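An overview of the molecular structure
What follows is each chain in one-letter form.
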Amino acid sequence: MDISVFIKTFVAVFVLADALGNAPVFLILTKGMEPEQRNSVIDRASLVATGVLLAFAFGGQWILRYLEISLGSLRVAGGLLLLLIALKMLDGDIDTPTVDQQRDVAITPLALPLLAGPGTITTVMLLMSDSPNAHISVVIGVVAAMFVTWLIVRQSAFVDKWIGAEGEVIITQLLGFLLAALAIEIGSTGIKELFLS
């Protein structure tokens, strides 16, 4: 197992899932539910998000080949997408979705796009392509990050009360800063591949 690949994957997926920043959103989407029902929704959302990320990790290359999209183009697009997300996090622009409580919110919007959004999917695909001999490290990184995310989200009410509004802003902006740096790294690599290869 490649520890550096594992750490890079874990940090990227954990930051993008933004469990701490999304804790209030999870509370709003599961408002009025019994604790057991809320936990069941969170369990399903976490499993679906993990499954989607692993599916794209292994099947993403085939999709790229089918659509004739180069890795360089994917890196630039992924970097831009991650940068937009990071800028929203830094601005404190956290949207609170309003959904029909009659439908299951575990799949959307909890699993997709909150836990496994386009930025996370793109990042996982790129990490898999960058680590041909360390796929197991990427997989373990994804699973570990989603497990920690699941643990945090299961404690949404406690986390929201513990960190408070100011703590939530600080954590979200810190994660946004790290994500912006990762976005620039990915995008610059893609630009080099497109124009210098």
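In the annotation of an unreviewed UniProt entry, the entry for the chain reads UPF0056 membrane protein, and the organism field reads Chroococcidiopsis cubana SAG 39.79. What the UniProt record of the chain gives under Subcellular location (unreviewed entry) is the line "Cell membrane".

Here we look at the overall build of the chain
Looking only at helices and strands, one finds 8 helices and 0 strands in the chain. Element order for the chain, N to C, with α for helix and β for strand: α-α-α-α-α-α-α-α. Along the first, second and third principal axes, the C-alpha atoms of the chain reach 55 × 30 × 30 Å. Partitioning the contacts of the chain with sequence separation of at least 6, the portion at a separation of at least 24 is 90%. Here the chain has roughly 10400 Å² of accessible surface; of this, 67% comes from carbon and sulfur atoms. Taken together, the 11 basic and 17 acidic charged side chains of the chain have centroids lying 3 Å from each other.

Thoughts on unusual backbone geometry
In the Ramachandran plot, aspartate 18 falls in the positive-phi region, its phi being about 45° despite a non-glycine side chain. The residue aspartate 18 is located in the loop between helix H1 (3–17) and helix H2 (19–29) in this model. Even without glycine at this site, glutamate 68 takes up a positive phi of about 55°. Within the element layout of this structure, glutamate 68 appears in the loop between helix H3 (35–67) and helix H4 (71–91).

Quick look at H1
Compared with the 21 Å implied by 1.5 Å per residue over 15 residues, the 21 Å span of H1 between its first and last C-alpha is a close match. Along H1, the residues classified as buried are Val5, Phe6, Thr9, Ala12, Val13, Phe14, Val15, Leu16 and Ala17.

Side note on the side chain of serine 137
One can find serine 137 in helix H7 (residues 135–154). Classification of serine 137 by relative accessible area gives buried; the value is 0%. Residue contacts for serine 137: discarding those within four places in its chain leaves Met1, Asp2, Val5 and Phe6.

Some details on the UniProt feature "transmembrane region" (unreviewed entry) in the chain
Per the UniProt entry, the sites bearing "transmembrane region" (unreviewed entry) are residues 6–29, 41–63, 69–90, 110–128, 134–153 and 174–191 in this numbering. Measuring from the first to the last C-alpha atom of residues 41–63 gives 30 Å, for a span that is 100% helix and 0% strand. A distance of 24 Å separates the end C-alpha atoms of residues 110–128, which is 89% helix and 0% strand.

Looking at the packing of aromatic side chains
Going through the model one piece at a time under the given rule, you end up with 4 aromatic pairs. Seen in terms of ring centroids, tryptophan 62 and tyrosine 66 are 5.5 Å apart; in terms of plane orientation they differ by 15°. Their pairing is stacked. A residue pair is termed a helical-turn pair when its members lie 3 or 4 positions apart in one helix, as tryptophan 62 and tyrosine 66 do in helix H3 at 4 residues. Taken as a pair, tryptophan 62 and tyrosine 66 share a single burial class, namely exposed.

Notes on a nonpolar patch on the surface
Nonpolar side chains collect at one region of the surface, where Met1, Ile3, Ile7, Val11, Ile136 and Ile140 lie side by side and expose about 560 Å² of accessible area between them. Among the elements of the structure, H1 and H7 are those that each provide at least two residues to the nonpolar patch. Broken down by element, the residue count for the nonpolar patch peaks at 3 residues, all from H1. Positionally, valine 11 belongs in helix H1. Classification of valine 11 as partly exposed rests on a relative accessible area of 40%.

About the thresholds
- Residues numbered from 1 in each chain as written.
- Predicted model: local features only at pLDDT ≥ 70, side-chain atom pairs only at ≥ 80, totals over all residues.
- Heavy atoms only, no water.
- UniProt positions renumbered as here; feature names shortened; annotations may be inferred.
- Helix = DSSP H or I, 4+ residues; strand = E, 2+ residues; numbered from the N terminus.
- Contact = heavy atoms within 4.5 Å.
- Areas by Shrake-Rupley, 256 points an atom, 1.4 Å probe, with all protein chains shown as cover.
- Lys, Arg positive; Asp, Glu negative; His and termini not counted.
- Charge placed at Lys NZ, Arg CZ, Asp CG, Glu CD.
- Expected span 1.5 Å × (residues − 1).
- Buried < 20%, exposed > 50% of the residue type's maximum accessible area, 1.4 Å probe, protein only.
- Phe/Tyr/Trp six-rings, centres within 6.5 Å; stacked < 30°, edge-to-face > 60°.
- Patch = residues over 30% accessible without salt bridge, like charges linked within 9 Å, V, L, I, M, F, W, Y side chains within 5 Å.
- Salt bridge = Lys/Arg side-chain N within 4 Å of Asp/Glu carboxyl O.

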